[in-house]
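A look at the structure
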Amino acid sequence: MNLKTTRAVAIEDALQEVKNKSFKLLGISKSAQLANAPSFLSLFGTDHKFFYMAEKIYKDAVKLRERGIGRVIQHGTDFFLERTMPLAYYISGDANARPCYNGPVDFYLSEGEQLVVSSSFPLSHIESLCDSHCVLASNEEFSPVPIKLTEFSFLSRLDGPITSVSFSSIKDVPELSESILESVTSYNKQISFGASKLSMKSKRGVISSHVFQLNPTSNPPTKKGTLIYDENDDVLKYYDGTSWRSLSFSKDNLST
């Protein structure tokens, strides 16, 4: 599940659940409705994590504030903001943040108090790299996006946002696989592979080239079907499974 950041801001009224400290989302707050602010569900769905800010407000003053990373979850017909990684909280009058070492803080409301949650931004590049194997990219101006790289993958961008693409899924992205094929086939200079063996998975695989050059080798693998150039005997040889056989020609078969 990737961490999504965006310049758009979701603002909703909420209530804290008693058992798990998640926030039940009550819908877009009245102040946000005037600005046509989106809901958390429409902005992030249930497939992305995001930065949030929760504020307990009493008579237009912020009594308690918490920042962290959360996600939207659904139970029945209700949607909740699950605080998966609370980062810091502020008590009214505090100038500095306090780390959430003991998990999320309590936002139980007394009479006249209101809980408002909104989407937020990372306050620093360090805060953006809140997960392992992350890199920072940008899909929008002034909006750094942490992208988690999966194992055996690389960063790529087609028409959409920058994302992590695994090598195994290249075949599922026609534009990418075709682009890689075009880059390799149209390259007219030398390509050097460090692999000890090039295996073609297709049973009808064909290697086609204007020139096929065998370099001399002193320790060829004794595997049936192996073709080599023996520099000492100045002939091509193939291994038939038992011994090396020479490929020879007769001058009488040459056209004059």
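Presented here is a report on the structure given in the accompanying data block.

Conventions we followed
- Residues numbered from 1 in each chain as written.
- Predicted model: local features only at pLDDT ≥ 70, side-chain atom pairs only at ≥ 80, totals over all residues.
- Heavy atoms only, no water.
- Helix = DSSP H or I, 4+ residues; strand = E, 2+ residues; numbered from the N terminus.
- Rg over C-alpha atoms; globule rule 2.2 N^0.38 Å.
- Buried < 20%, exposed > 50% of the residue type's maximum accessible area, 1.4 Å probe, protein only.
- Contact = heavy atoms within 4.5 Å.
- Areas by Shrake-Rupley, 256 points an atom, 1.4 Å probe, with all protein chains shown as cover.
- Lys, Arg positive; Asp, Glu negative; His and termini not counted.
- Charge placed at Lys NZ, Arg CZ, Asp CG, Glu CD.
- Phe/Tyr/Trp six-rings, centres within 6.5 Å; stacked < 30°, edge-to-face > 60°.
- Polar contact = N/O pair within 3.5 Å; in protein donor to acceptor, adjacent residues only side chain to side chain.
- Pairing = 2+ DSSP bridges.
- Salt bridge = Lys/Arg side-chain N within 4 Å of Asp/Glu carboxyl O.
- Core = buried A, V, L, I, M, F, W, Y, C linked by side-chain atoms within 4.5 Å.

Looking only at helices and strands, the chain features four helices and 14 strands. The C-alpha radius of gyration computed for the chain amounts to 31 Å, which surpasses the reference 18 Å derived for 256 residues by more than 25%, pointing to a less compact arrangement than a globule. For the C-alpha atoms alone, the extent of the chain along its principal axes is close to 110 × 35 × 35 Å. Classification of the 256 residues of the chain by burial places 29% in the buried group. If you take every contact in the chain between residues at least 6 apart in sequence, the share linking residues at least 24 apart comes to 45%. As displayed, the chain offers around 18300 Å² of accessible surface, 52% of which is attributable to carbon and sulfur atoms. Considering the chain, the positive charge centre built from 28 side chains and the negative charge centre built from 29 side chains are found 4 Å apart.

Even without being a glycine, Lys21 presents a positive backbone phi close to 65°. Considering the arrangement of structural elements, one finds Lys21 in the loop between β1 (11–16) and β2 (23–28).

Take the packing of aromatic side chains next. Taken as a whole and assessed by the stated rule, the structure comprises six aromatic pairs. For the ring pair Phe23 and Phe107, a centre distance of 5.6 Å and an interplane angle of 90° mean the geometry is edge-to-face. Of this pair, Phe23 sits in strand β2 while Phe107 sits in the loop between β6 (98–99) and β7 (113–119), and the two are 84 residues apart along the sequence. Its relative accessible area of 0% is what places Phe23 among the buried residues. Ring geometry for Phe40 and Phe50: centres 5.3 Å apart, planes at 35°, overall tilted.

What follows is about the environment of Asp240. Tracing the sequence through the fold places Asp240 in the loop between β13 (235–239) and β14 (244–247). With relative accessibility at 23%, the residue Asp240 sits in the partly exposed group. Look past the residues within four positions of Asp240 in its chain and what remains in contact with it is Lys224 and Arg245. Polar side-chain contacts of Asp240 include one of 2.8 Å to the backbone nitrogen of Thr242. Of the polar contacts made by the side chain of Asp240, one reaches the backbone nitrogen of Ser243; its length is 2.8 Å.

Here we come to the pairing of strand β5 (residues 78–91). The sheet contact formed by β2 and β5 spans two bridges and is antiparallel. Within β5, the residue paired with Phe23 across the bridge is Leu81. As paired elements, strand β4 (residues 61–75) and β5 share eleven bridges and run antiparallel to each other. The residue bridging Ile69 from the neighbouring strand is Met85, located in β5. Adjacent in sequence and paired antiparallel, β4 and β5 are bridged by two residues, among which Gly76 carries a positive phi angle near 65°. Strand direction decides the pairing type here: β5 and β6, joined by two bridges, are antiparallel. Considered in β6, the bridge of Ala88 is made with Pro99. Counting the residues in the hairpin turn of β5 and β6 gives six residues, including Gly93, whose phi is positive at 100°.

With that settled, consider the pattern of salt bridges. Applying the stated criterion across every chain, the model contains nine salt bridges. Taking the shortest distance from any N to any O, the salt bridge between Lys24 and Asp78 comes out at 3.8 Å. Within this pair, whereas Lys24 is found in strand β2, its partner Asp78 is found in strand β5, the two being separated by 54 residues in sequence. The residue Lys237 makes a salt bridge to Asp233 at a minimum N-O spacing of 2.7 Å. Residue classification places Asp233 among the partly exposed residues on the basis of a relative accessible area of 45%. Among the ionic contacts, a cluster of salt bridges with common partners joins Asp230, Asp233 and Lys237.

Turning to the nonpolar core, a few remarks are in order. Counting residues in each nonpolar core, the largest one holds 19 residues, and the members touching the most others are Phe23, Phe40, Phe50, Ala54, Leu81, Phe107 and Val117. Looking at this core, the elements that each hand over two or more residues are β2, α2 (40–44), β3 (49–58), β4, β5 and β7.

Geometric values such as these leave the question of function open.
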